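Here is how the chains run, residue by residue.
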Amino acid sequence: QVQLVESGGGLVHPGDSLRLSCAASGRTFSRYAMGWFRQAPGRVREFVAAISWSGGITGYGDSVKGRITISRDNAKSTVYLQMNSLKPEDTAVYYCAAGSRVTTMDAHYDYWGQGTQVTVSP
């Protein structure tokens, strides 16, 4: 089992930056690929970013590419999501997830956090 706890969400203005963190505990964090997803009210869950166990492979959703960076610190069992130039359409609950490989498909991730709310509003 892997337990995931997200933090760092909040209310920001358009153009601001925010860094989300996801702390893992339980089984060896460095064995897992990690992903970030988000879900806005009334919308399906959307892939945001993913990173391989070593950090050598990353992937991003089209809607966030160029504005968001995923990284990880295996020594701290933590994955980060740096979000810049935030827009109102980035408003959502952001979830981190752990799985066996880097993929955009949420069904392929085995463990999920409880989510952290990000609200971007003027």
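Above this text sits the structure in question.
First things first, this report covers the structure right here in the doc.

**With respect to the sheet that holds strand S7 (residues 68–73)**
Taken in spatial order, the 4 strands of this open sheet run S1-S3-S8-S7, and their pairing is antiparallel. In this open sheet, the two strands that pair with only one neighbour each are strand S1 (2–7) and S7. Going across the sheet, the axis of each strand differs from the next one's by a mean of 15°, ignoring polarity.

**Notes on the environment of Gly66**
If you trace the backbone, Gly66 turns up in the loop between strand S6 (58–60) and S7. C-alpha separation for the pair Gly66 and His108, spaced 42 residues apart in sequence, amounts to 25 Å.

**A short note on the nonpolar core**
Of all hydrophobic cores here, the largest spans 29 residues; its most connected members are Leu4, Met34, Trp36, Leu81, Met83 and Tyr94. Elements that contribute at least two residues to this core include exactly S1, strand S3 (18–26), strand S4 (33–39), strand S5 (46–51), S7, strand S8 (78–83), strand S9 (92–99) and strand S11 (116–120). Formed by 5 residues, the second largest nonpolar core is a distinct cluster that contains Phe47, Ala50, Ala97 and Tyr109.

Thresholds applied
- Residues numbered from 1 in each chain as written.
- Predicted model: local features only at pLDDT ≥ 70, side-chain atom pairs only at ≥ 80, totals over all residues.
- Heavy atoms only, no water.
- Pairing = 2+ DSSP bridges.
- Helix = DSSP H or I, 4+ residues; strand = E, 2+ residues; numbered from the N terminus.
- Axes fitted to C-alpha atoms, helices over the stretch in contact; angles between N-to-C directions.
- Core = buried A, V, L, I, M, F, W, Y, C linked by side-chain atoms within 4.5 Å.
- Buried < 20%, exposed > 50% of the residue type's maximum accessible area, 1.4 Å probe, protein only.

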